[in-house]
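Coordinates in review
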Amino acid sequence: MAVEHRSEYVIYTEHGELRAELAGRLRHGDEHPAVGDWVAVALRPSEGRATIHAVLPRRSAFTRKVAWAETKPQVVAANVDVVFVVCGLDANYNVRRIERYLTLAWESGAQPVVLLTKADLCDDVDPRVYEVESIAFGVPVHAVSAPHGDGLETVRSYVPAGRTAALLGSSGVGKSTLVNALVGEELLATQGLRDDGRGRHTTSHRQLVPLPEGGLVLDTPGMRELQLWDADEGMQAAFADVDALAAQCRFADCAHREEPGCAVRAALAGGTLDVERFESWGKLQRELERLARKQDARARSESRKERARFARSMRKTSY
Ligand code: GDP
Ligand code: ZN
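Just so it is clear, the structure is predicted and the values come from calculations on it, not from any experiment.

Cut-offs used in this document
- Residues numbered from 1 in each chain as written.
- Chains lettered and ligands numbered in written order.
- Predicted model: local features only at pLDDT ≥ 70, side-chain atom pairs only at ≥ 80, totals over all residues.
- Heavy atoms only, no water.
- Pairing = 2+ DSSP bridges.
- Helix = DSSP H or I, 4+ residues; strand = E, 2+ residues; numbered from the N terminus.
- Phe/Tyr/Trp six-rings, centres within 6.5 Å; stacked < 30°, edge-to-face > 60°.
- Buried < 20%, exposed > 50% of the residue type's maximum accessible area, 1.4 Å probe, protein only.
- Axes fitted to C-alpha atoms, helices over the stretch in contact; angles between N-to-C directions.
- Contact = heavy atoms within 4.5 Å.
- Donors = N, O, S within 2.8 Å, 3.2 Å for Na, K, Ca; no water.
- Tetrahedral: all angles 85-135°; square planar, octahedral: opposite > 155°, others 65-115°.
- pLDDT = per-residue confidence, 0-100.
- Salt bridge = Lys/Arg side-chain N within 4 Å of Asp/Glu carboxyl O.
- Near = heavy atom within 4 Å.
- Polar contact = N/O pair within 3.5 Å; in protein donor to acceptor, adjacent residues only side chain to side chain.
- Areas by Shrake-Rupley, 256 points an atom, 1.4 Å probe, with all protein chains shown as cover.

Quick word on the pairing of strand β4 (residues 39-44)
Note that β4 and strand β5 (residues 49-55) share six bridges and pair antiparallel. Paired with V41 across the two strands is I52, which belongs to β5. Hairpin connection from β4 to β5: four residues lie between these consecutive antiparallel strands, with G48 at a positive phi of about 70°.

Here it is in structure tokens:
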């Protein structure tokens, strides 16, 4: 499935690119296809159309909150194999932000790889690569420079034929530039065309970009707006060291403040845990708790609705 446009979808099939709509059962259900999904379709090649009947199980998924009031996660990208966490080696270089994007990456189920762009603007590339490696726990870290072409072959090696990559990173870190360099042509020109309403075709090519070697790069607005969502598992991987420390505290509900036997405080005092890293761990935990409370509230209101529905159905069947 290549792109969603309101209720219309564009799919890649053995008959080429087709427009498709959802079968009724899917339209009214919860589980709509997302970009990157494999779907079961009934083809109408003569019309150049198809009907989507089912969404196949996902290998990985990026999700986000739909809106502030509504906390049901929406899948913004499915079946991403490798996710490039992108950060510039210029003034916007920020290890904490890389940590947070890594959390999202782990949570998705895709393999994370950190790309430090704009290496040509940085005098001490190697120390920064080491610094990121020290917080990324086994995740490969590569420096790249788009204008010089440095590191591009390494990046390509992660997206051979049959694999799909996505990019995560703040605006301006060089994601579009990197995609252009991988594709070998200026897609940014097509991005400009999109604004004057020149059809969906351009958009569809922008959302799932085929590379010359046969891999795909997924580049959707949704991916670019990703927010932290339910990142418990990802948290554990990204902050494995802090979690291990917290597990050694004497009290299970230790808040790591004044409690006796606090292993986290001891590590901070002893210099084996970085204060900033501890603070970003705490901040992320507070956000996760807030999200969990919202989810609980939603679950409660759903079960209220469920009870009301049940009461109504009882009324209908009791004579
Ligand atoms: P995006 O918002 O992440 O897609 O970022 P862009 O790809 O639009 O890049 C933002 C700016 O950074 C542009 O002016 C690019 O020319 C510049 N840029 C991107 N990659 C590099 C690089 O490797 N080296 C240098 N010097 N500039 C870069
Ligand atoms: Zn503690």
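Side note on the packing of aromatic side chains
Inspection of the entire model under this criterion finds two aromatic pairs. With 6.1 Å between their ring centres and 80° between their planes, F84 and Y158 make a pair best called edge-to-face. Note that F84 is positioned in strand β8 (residues 82-88) and Y158 in the loop between α4 (152-157) and β11 (164-168), a separation of 74 residues in sequence. For the residue pair F84 and Y158, the accessibility class agrees, reading buried in each case.

Regarding the sheet that holds strand β10 (residues 141-143)
Across the sheet, which stays open at both edges, the six strands sit in the order β10-β9-β8-β11-β13-β12 with mixed pairing between neighbours. Two strands in the sheet have a free side with no partner beyond their single neighbour: β10 and β12 (208-210). Between one strand axis and the next, the sheet turns through 25° on average, direction left out of account. Bridging between β8 and strand β9 (residues 111-117) involves seven bridges; their strand directions are parallel. The residue bridging V85 from the neighbouring strand is V114, located in β9. Taken strand by strand, helix α3 (residues 125-136) contacts β9 and β10, and its axis lies near 160° from that of β10. Docked against the sheet, helix α5 (residues 175-183) engages β8, β9, β11, β12 and β13 (216-218), running at close to 155° with respect to β11.

What to know about the coordination of the zinc ion (ligand 2)
Taken together, the protein donors to the zinc ion (ligand 2) comprise C249 (SG), C254 (SG), H256 (ND1) and C262 (SG), at separations of 2.1 to 2.3 Å. Of note is the zinc ion (ligand 2), whose four donor atoms meet at the metal with angles of 103 to 116° in an arrangement that counts as tetrahedral. Expressed as a motif, the donor residue spacing for the zinc ion (ligand 2) is C-x4-C-x1-H-x5-C. For the pair C249 and C254, one class covers both residues: buried.

Here we look at the confidence of the model for the protein
Looking at the protein, the pLDDT average stands at 80 and 75% of residues meet or exceed 70. Across the protein, β10 holds the top mean pLDDT of 98, while helix α6 (residues 188-194) sits lowest at 39. Contacts from residues 188-205, a stretch scored under 50 in pLDDT, to residues over four places away or in other chains number 19 contacts.

Digging into the environment of V113
Inspection of the secondary structure puts V113 in strand β9. Looking at V113, the relative accessible area reads 0%, which means it is buried. In the structure, V113 is positioned 29 residues away from H142 in sequence and 7.9 Å away in space, judged by C-alpha atoms. When neighbours within four sequence positions are excluded, V113 is seen to be in contact with V82, V83, F84, V85, V139, P140, H142 and Y158.

What about the pattern of salt bridges?
Oppositely charged side chains are able to pair whenever their charged atoms sit close together. This structure, assessed with the given rule, holds 15 salt bridges. The salt bridge involving R156 is made with E213; its shortest N-O contact spans 3.2 Å. Of this pair, R156 sits in helix α4 while E213 sits in the loop between β12 and β13, and the two are 57 residues apart along the sequence. When its relative accessible area of 19% is taken as the criterion, R156 is described as buried. A relative accessible area of 41% means that E213 is categorised as partly exposed. Connected via shared salt-bridge partners are E8, R19, E21, R44, E47 and R49.

Side note on the site of ligand 1
Neighbouring ligand 1 are 15 residues; D120, G172, K175, S176 and T177 lie closest to it. Here an oxygen atom of ligand 1 sits 2.6 Å away from a polar atom, N or O, in the side chain of T177. Protein chains shield 69% of the accessible area of ligand 1, which is 580 Å² for the free molecule.

Some words on the environment of D219
Considering the arrangement of structural elements, one finds D219 in the loop between β13 and α8 (221-224). Sequence separation between D219 and A165 is 54 residues, and the spatial gap between their C-alpha atoms is 8.8 Å.

A look at the side chain of S60
In this structure, S60 sits in the loop between β5 and β6 (61-65). Separated by 2.6 Å, the side chain of S60 and the backbone oxygen of V80 make a polar contact. If we skip the residues at most four places from it in the chain, S60 touches A77, A78, N79, V80, S108, G109 and A110.

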